[in-house]
Amino acid sequence: MNKNNSAALNILLITKNFTMGGAEVHVCELANELTNRGHNVYLVAKQGMQSQFLSNKVKFYPLVISDLLFLPNLVRLYNLVRRENIQVIHGHQRLGISLAVCLSKLANLPNVATIHGQLKYDIRSPLIRNHVDKLICVRKVTFEEAKKNYRLSSKTSLILNGVIVHPLTHKKHPYTLMYGSRLDKRHFSVIAMVIKDVMPELLKIYPKAKFVVYGQGTHAEELYSLIKSQSAIRHAIDYRGYTNKLGAHYQEASIALACARSAMDALCNGTNVLPVNVHALGEIVTESSLSNFMSNNFEPINFEAPTPAMLLKLIKDYFDHYDMYDRQLINLKENAINHISLNSAVDKVEKLYWGVATRS
């Protein structure tokens, strides 16, 4: 859509938490970009660290959102909707979607819902499924599941989450692995595997190899302790805490060990990706595999769980054939930007908003 369009919408975004999750970062960046395009954005969520990254144009209303407080929150939000003349209500994740749908029906306004997780969880209620006006799926597998549901088929769009493309500000460092994520139990188990089992062997082959980790969460102290215990390789491990500009820092890495939003951040900023999470280890992204990985939010679906041996093999293969993979990066980055940049994603969401707002 044209950013200079003089027409503006009053948009209410609702999500439960506002900390470090990929969905929460997406909501923050969506709100900021919509205000850049001239819209009036009101955001409701529990107070969290993402609020410090919001544009001062976004009107943020901190609210504790829970099942227990559903009805009182519905009343509070109804008053907000009437007071601010809201035109479109957009819910994210289960409770945000439930509030958005119920609120929209109460106020006779259109609603939009984004499924960041599983369809059966985020909109498990038949009541909510019946009254969703427009449904956004961020993964192809979720989109295909929704299209099979007679209540949702005609309402559903596939819009991949978008990430910010940063100007080139960091020099790429050879033989550098990077992992950026929320430091919960699942991500920590992968990071620990890399530190304890992969890096000692990788350093024997590539003495200048380095493992950089960005993130914050429940297992941050455990990560500090693990790094401290690895006296032989401690020099090659660099934990840097949380950043809201992960994409810019990925420019330093030779390869990102990443999935979901982190993988998008890396590719859109010129660094290749080995998709990995606690459940599955994919293959290094190439021009031929980009479309498939991209359509599933860079989750390595139908792959086996990671093992140290397989991780080491794939990383070694990447470094051994670095020039070949590097030559593909120009096209990989260009294709990624065309499909999963923030501008591309918000273009589609904005178009959807105008569609429901003008029909209401």
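Residues numbered from 1 in each chain as written. Predicted model: local features only at pLDDT ≥ 70, side-chain atom pairs only at ≥ 80, totals over all residues. Heavy atoms only, no water.

Student: How would you summarise the overall build of the protein if you had to cite specific residues and measurements?
Tutor: In terms of helices and strands, the protein carries 14 helices and twelve strands. For 360 residues, the compact-globule formula gives about 21 Å, and the C-alpha radius of gyration of the protein, at 21 Å, lands near that figure. Based on the C-alpha atoms only, the size of the protein along its principal axes is roughly 65 × 40 × 40 Å. By the burial criterion, 56% of the 360 residues in the protein qualify as buried. Contacts spanning at least 24 positions in sequence make up 65% of the contacts within the protein whose residues lie at least 6 apart. By element, 52% of the accessible surface of the protein is carried by carbon and sulfur atoms, the whole surface being about 15,800 Å². Across the protein, the centroid of the 42 positively charged side chains sits 7 Å from that of the 28 negatively charged ones. (Helix = DSSP H or I, 4+ residues; strand = E, 2+ residues; numbered from the N terminus. Rg over C-alpha atoms; globule rule 2.2 N^0.38 Å. Buried < 20%, exposed > 50% of the residue type's maximum accessible area, 1.4 Å probe, protein only. Contact = heavy atoms within 4.5 Å. Areas by Shrake-Rupley, 256 points an atom, 1.4 Å probe, with all protein chains shown as cover. Lys, Arg positive; Asp, Glu negative; His and termini not counted. Charge placed at Lys NZ, Arg CZ, Asp CG, Glu CD.)

Student: Any chance you could break down the nonpolar core for me, citing the residues and the numbers?
Tutor: L177, M199 and F211 are the most contacted members of the largest nonpolar core, which totals 39 residues. Where this core is concerned, the elements lending two or more residues are β8 (176-180), α7 (185-205), β9 (210-214), α8 (220-229), β10 (237-239), β11 (255-258) and α12 (308-320). With eleven residues, α7 is the single largest residue contributor to this core. Judged by nonpolar contacts, the second largest core, of 26 residues, contains F18, V58, W354 and V356. (Core = buried A, V, L, I, M, F, W, Y, C linked by side-chain atoms within 4.5 Å.)

Student: Pulling in residues and values, what's your account of the pairing of strand β5 (residues 111-115)?
Tutor: Each regular strand shows side chains that alternate between the opposite faces of the sheet. For β5, the tally of buried residues reaches five of five residues, placing the bulk of the element in the interior. What you see with β5 is no split at all: N111, A113 and I115 on one side and V112 and T114 on the other are buried throughout. Pairing geometry for strand β4 (residues 88-92) and β5, over four bridges, is parallel. Across the sheet, residue I89 finds its bridge partner in β5, namely N111. Of the pairings in the sheet, the one linking β5 to strand β6 (residues 134-137) comprises four bridges and is parallel in character. Paired with V112 across the two strands is K134, which belongs to β6. (Pairing = 2+ DSSP bridges.)

Student: I'd like to hear about the sheet that holds β6, residue by residue, with values.
Tutor: Paired through their backbone hydrogen bonds, the strands of a sheet run either parallel or antiparallel. Taken in spatial order, the seven strands make up an open sheet running β3-β2-β1-β4-β5-β6-β7, and their pairing is parallel. A single partner strand is all that each edge strand has here, and the edge strands are β3 (59-62) and β7 (156-158). Taken over all neighbouring pairs, the strand axes of this sheet differ in orientation by 20° on average, direction set aside. Here strand β2 (residues 40-45) runs beside β3; their pairing, made up of four bridges, is parallel. Among the inter-strand pairings, L43 is bridged to a residue of β3, identified as F60. Relative to β4, helix α3 (residues 93-107) is tilted by about 155°, and along the sheet it contacts β1 (10-14), β4 and β5. (Axes fitted to C-alpha atoms, helices over the stretch in contact; angles between N-to-C directions.)

Student: Quick rundown of unusual backbone geometry? Include the residues and the values.
Tutor: You will see that N108, though not glycine, has its phi angle at about 60°, which is positive. Inspection of the secondary structure puts N108 in the loop between α3 and β5. Positive phi, close to 60°, is recorded for F298, a residue that is not glycine. Tracing the chain through its elements places F298 in the loop between α11 (290-295) and α12.

Student: Talk me through the sheet that holds β9; I want residue IDs and the actual numbers.
Tutor: Strand order across the open sheet formed by five strands is β10-β9-β8-β11-β12, with parallel pairing between neighbours. Of all the strands in the sheet, the pair left with one neighbour each is β10 and β12 (272-275). Between one strand axis and the next, the sheet turns through 25° on average, direction left out of account. Where β11 meets β12, four bridges bridge the pair, whose relative direction is parallel. Directly across from L257, in β12, lies its bridge partner L274.

Student: Explain the environment of I284 to me, and be specific about the residues and the numbers.
Tutor: Tracing the sequence through the fold places I284 in the loop between β12 and α11. C-alpha of I284 to C-alpha of V273: the two residues are eleven residues apart in sequence and 5.9 Å apart in space. Ignoring sequence-local partners within four residues, the contact set of I284 consists of I255, N272, V273, L274, S289, L314, D317, Y318 and Y325.

Student: Provide a residue-level description of the packing of aromatic side chains, including the pertinent values.
Tutor: One pass over the full model with this rule turns up eleven aromatic pairs. Counting every residue linked through ring pairs, the aromatic cluster contains Y175, Y206, Y318, F319, Y322 and Y325. (Phe/Tyr/Trp six-rings, centres within 6.5 Å; stacked < 30°, edge-to-face > 60°.)

Student: An account of α7 is needed here, citing residue identities and associated values.
Tutor: When the terminal C-alpha atoms of α7 are compared, their 30 Å separation across 21 residues agrees well with the 30 Å that a helix rising 1.5 Å per residue should span. Where α7 bends most, the angle comes to about 50°, and this point is V198, followed within four residues by the proline P200. Residues of α7 that are buried: F188, V190, I191, A192, M193, V194, I195, V198, M199, L202 and L203. Elements in contact with the buried residues of α7: β8, β9, α8, β10, β11 and α12. (Expected span 1.5 Å × (residues − 1). Bend = angle between axes of the 7 residues up to and from the residue.)

Student: Can you explain the pattern of salt bridges? Please cite residues and give values.
Tutor: For the structure shown, the criterion picks out 15 salt bridges. For the salt bridge of R94 with D67, the shortest nitrogen-to-oxygen distance reads 2.9 Å. Separated by 27 residues along the polypeptide, R94 in helix α3 and D67 in the loop between β3 and α2 (70-84) bring together distant segments of the chain. Classification of D67 as partly exposed rests on a relative accessible area of 49%. Across the pair K140 and E144 runs a salt bridge whose closest N-O atoms are separated by 4.0 Å. Placement of both K140 and E144 in helix α6 (residues 140-147) is noted, with a separation of four residues, approximately one turn of the helix. (Salt bridge = Lys/Arg side-chain N within 4 Å of Asp/Glu carboxyl O.)

Fair warning: the whole summary comes from geometry, so function is off the table for now.
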